[in-house]
Amino acid sequence: MKIDLNIETTGDGTVVCAHCGATLGDSVQAPTTHALRHERPAEAAGPGVKADPALFADRQILLRQTFCPDCLVCLSTEITPGDEPVYRQWVLS
């Protein structure tokens, strides 16, 4: 079943990369457990993030991304406070 452009499930419930077939997660309850994760300062998101996050928040703000472990396609991107749980969990149902 196709979840989005980058993620699909197999017949046994494994979550895989839609581009290369690499396993991203063992089940829809944990769809990205095998994905690569990268964390950087929010300013690394590009020229659209111009203002210093410290002007708006008392906490450090980070850019967090997940990638396929084989083909490195970007699966998710979020800008979030650094003290939030690492890589917010989402579940496919």
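This one's a predicted model, so the numbers in the text were calculated from it and none came from an experiment.

Asks: How do you make sense of the side chain of Arg64 when you look at a structure like this?
Replies: If you trace the backbone, Arg64 turns up in strand E5 (residues 61-67). For Arg64, a relative accessible area of 1% puts it in the buried group. Within the local environment of Arg64, its side chain forms a polar contact with the side chain of Glu39, the two groups lying 2.8 Å apart. Among the polar contacts listed, one links the side chain of Arg64 to the backbone oxygen of Gly82, at a separation of 3.1 Å.

Asks: I'm lost on the nonpolar core in this one. Help?
Replies: A general feature of soluble globular proteins is that nonpolar side chains tend to end up buried together. Ile7, Val15, Cys17, Ala22, Leu24, Ala35, Cys68 and Leu75 together form the largest nonpolar core, which totals 8 residues. Among all residues touching Cys17, those that are not within four sequence positions of it are Asn6, Ala22, Leu24, Cys68, Cys71 and Val73.

What counts, and at which threshold
Throughout, residues of each chain are indexed from 1 in the direction in which the sequence is written. In keeping with the model being predicted, local features are shown solely for residues with a pLDDT of at least 70 and side-chain atom pairs are shown and tallied solely at 80 or more, while totals for entire chains, interfaces and linings include all residues. Side-chain metrics rest on all non-hydrogen atoms present in the structure, leaving aside hydrogens and water. A run of H or I in DSSP becomes a helix once it reaches four residues, and a run of E becomes a strand once it reaches two; helices and strands are each numbered from the N terminus. Relative accessibility decides the category of a residue: with a 1.4 Å probe and only protein chains considered, values under 20% of the type maximum give buried, values over 50% give exposed, and everything between is partly exposed. Polar contacts, as counted here, are pairs of nitrogen or oxygen atoms within 3.5 Å of one another; within protein the pair requires one atom able to donate a hydrogen and one able to accept it, and residues that are adjacent in sequence qualify only if both atoms are side-chain atoms. Only buried Ala, Val, Leu, Ile, Met, Phe, Trp, Tyr and Cys residues count toward a nonpolar core, and they belong to the same one when joined by side-chain atoms within 4.5 Å. Contacts were defined at the residue level, with two residues in contact if any of their heavy atoms lie within 4.5 Å.

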